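# Summary of the model geometry
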Amino acid sequence: MMKMGPLTIVLAITGMAILLVAPFSCKGKKGEPIPTMEGIAKMDIQRQPFGNLPDGSQVELFTLTNSHGLKARIMNYGATVISLDVPDRNGQRGDIVLGHDSLEGYLSPAQNPYFGSIVGRYGNRIARGRFILDGVEYQLATNIGPNHLHGGLKGFDKVLWTSEPVQEEGAVGVKLRYLSPDGEEGYPGNLTVTVIYWLTDEDELKIAYEAESDKPTPVNLTHHSYFNLAGQGQGDVLGHELMLNADYFTPVDEELIPTGEIRPVAGTPWDFTKPKPIGAEIAAVPGGYDHNFVLRGETGTLKLAARVHEPSTGRVMEIYTTEPGVQFYSGNFLDGTITGKGGKVYQKHFGFCLETQHFPDSPNHPHFPSTILRPGQKYTSLTIHKFSISS
Ligand code: GLA
């Protein structure tokens, strides 16, 4: 339990003030800062081995902690967040992402639907794995029926990245690099990718992406954590209250490929402009939510994309991004066949993903924001997950 001190009293008063003005001033349950945790003096970063791949190469695990008790464990296989501990309103830490205790679970395709990984070279689907760029038709690997998903048979989630710890004022991190060779999964160009995960003392998990290519290529990188703010394995996420800062979404066909339409959310189950439980209207969405939402604001400018509040624990997660879209996926394909951390069985809707990104299948929809990176240009993208607690 948290001891009552001057800081707690100030927080309580601030909390009351927020409660008083909340109905008039904010969209969704805004949180308050997480208090400093006793016994944790400063930010820290640890590096240790985390098993070996079948070819013998060693996987490394980085443990990042901040002074408020947040802890992120990240491995360089798939640039994967394997756990994320965040205090609740009572100061109890809980791991809020789905995943596995050991490397073995991540290496089994049936047990790992992109848990916590970096997805690339192209997040989400490309119809028939085909696109035309500068008059040349490219055929990518197809790995979901006749279509291409999340980079193909061996996407960035299934490769070993080089890794090193990094540190700056108020933040500890891990820098990951991968060179995706020309022709990999059918993509043109040698693509050098750098991703830095930062854990800050402002209670943020920041993901900064950069990429450069020696030939024109589509690029659409994202992060694929499955969140459950009540704690991983603690039931479904249908009671989480979600706000999405999006007036439009991109409807899909039966293979989950965008039709090209950009449709207003108003008056539909896709309207999350005011917070509502994820489960409120999910029954009216065939298969559950698995859609790209078009974010308000400028591409390339950091803006609020989403706010999620879990009422029983008081955990709040806000997502800010420079990307034009966010894929909201309500864990529809989880079906109890995966046993994850601590022996927890992941049933349908036990986690949700908010994948900040460009729109799926953009290379085949010229009116969607372009995903083409050309030699001499630099791809940059930033997404911030900010954690707080509601009283
Ligand atoms: C993404 C997709 C979903 C599904 C999951 C992984 O979120 O949008 O359709 O493929 O990844 O299972």
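These numbers were taken from a predicted model, which means no experiment stands behind them. (Residues numbered from 1 in each chain as written. Predicted model: local features only at pLDDT ≥ 70, side-chain atom pairs only at ≥ 80, totals over all residues. Heavy atoms only, no water.)

## Focus on the environment of D101
Here D101 shows up in the loop between β5 (93-95) and α2 (103-107). Measuring from C-alpha to C-alpha, the distance between D101 and S83 comes to 8.9 Å, with 18 residues separating the pair along the chain. Beyond its immediate chain neighbours, meaning those up to four positions away, D101 contacts F50, G340, K341 and G342. From its side chain, D101 meets the backbone nitrogen of G342 in a polar contact 2.9 Å long. (Helix = DSSP H or I, 4+ residues; strand = E, 2+ residues; numbered from the N terminus. Contact = heavy atoms within 4.5 Å. Polar contact = N/O pair within 3.5 Å; in protein donor to acceptor, adjacent residues only side chain to side chain.)

## Details of the packing of aromatic side chains
With the rule as written, the count across this model stands at 17 aromatic pairs. Both rings, one in F156 and one in Y178, keep their centres 5.3 Å apart while their planes meet at 65°; by these two values the pair is edge-to-face. With F156 in the loop between β10 (148-149) and β11 (162-168) and Y178 in strand β12 (residues 171-180), the pair connects residues that are 22 residues apart, well separated along the chain. Neither F156 nor Y178 differs from the other in exposure class; each is buried. Ring geometry for F249 and F293: centres 6.2 Å apart, planes at 35°, overall tilted. Of this pair, F249 sits in strand β18 (residues 246-250) while F293 sits in strand β21 (residues 290-295), and the two are 44 residues apart along the sequence. Neither F249 nor F293 differs from the other in exposure class; each is buried. In this structure, K276 packs its charged tip against the face of F272, placed 4.4 Å from the ring centre. (Phe/Tyr/Trp six-rings, centres within 6.5 Å; stacked < 30°, edge-to-face > 60°. Buried < 20%, exposed > 50% of the residue type's maximum accessible area, 1.4 Å probe, protein only. Lys NZ or Arg CZ within 6 Å of the ring centre and 35° of its normal.)

## Remarks on the nonpolar core
In this structure, L84, W161, Y197, F293, F328 and L354 are the most contacted members of the largest nonpolar core, which totals 62 residues. At five residues, strand β13 (residues 191-200) tops the list of elements feeding residues into this core. Those residues in contact with W161 that sit more than four places away from it in its chain are N76, G78, A79, I118, F156, L176, R177, Y178, V193 and V195. In this structure, V59, L334, F350 and C353 belong to the second largest nonpolar core, which totals 18 residues. (Core = buried A, V, L, I, M, F, W, Y, C linked by side-chain atoms within 4.5 Å.)

## Here we look at the site of the ligand
R125, H150, H224, D290 and E355 are the nearest of the 13 residues found near the ligand. At a separation of 2.9 Å, an oxygen atom of the ligand approaches a polar side-chain atom of N124. The side chain of H224 places a nitrogen or oxygen atom 2.8 Å from an oxygen atom of the ligand. In isolation the ligand offers 300 Å² of accessible surface; the protein chains occlude 95% of this area. (Near = heavy atom within 4 Å. Areas by Shrake-Rupley, 256 points an atom, 1.4 Å probe, with all protein chains shown as cover.)

## Things to note about the side chain of E323
With respect to the element layout, E323 can be found in the loop between β23 (315-321) and β24 (325-329). The side chain of E323 is buried and forms no salt bridge, while K303, the nearest opposite charge, is found at 7.8 Å. A distance of 2.6 Å separates polar atoms of two side chains, one belonging to E323 and the other to H358. What E323 contacts, discounting residues up to four positions off in sequence, is N220, L295, K303, T356, Q357, H358, Y379 and S381. (Lys, Arg positive; Asp, Glu negative; His and termini not counted. Salt bridge = Lys/Arg side-chain N within 4 Å of Asp/Glu carboxyl O.)

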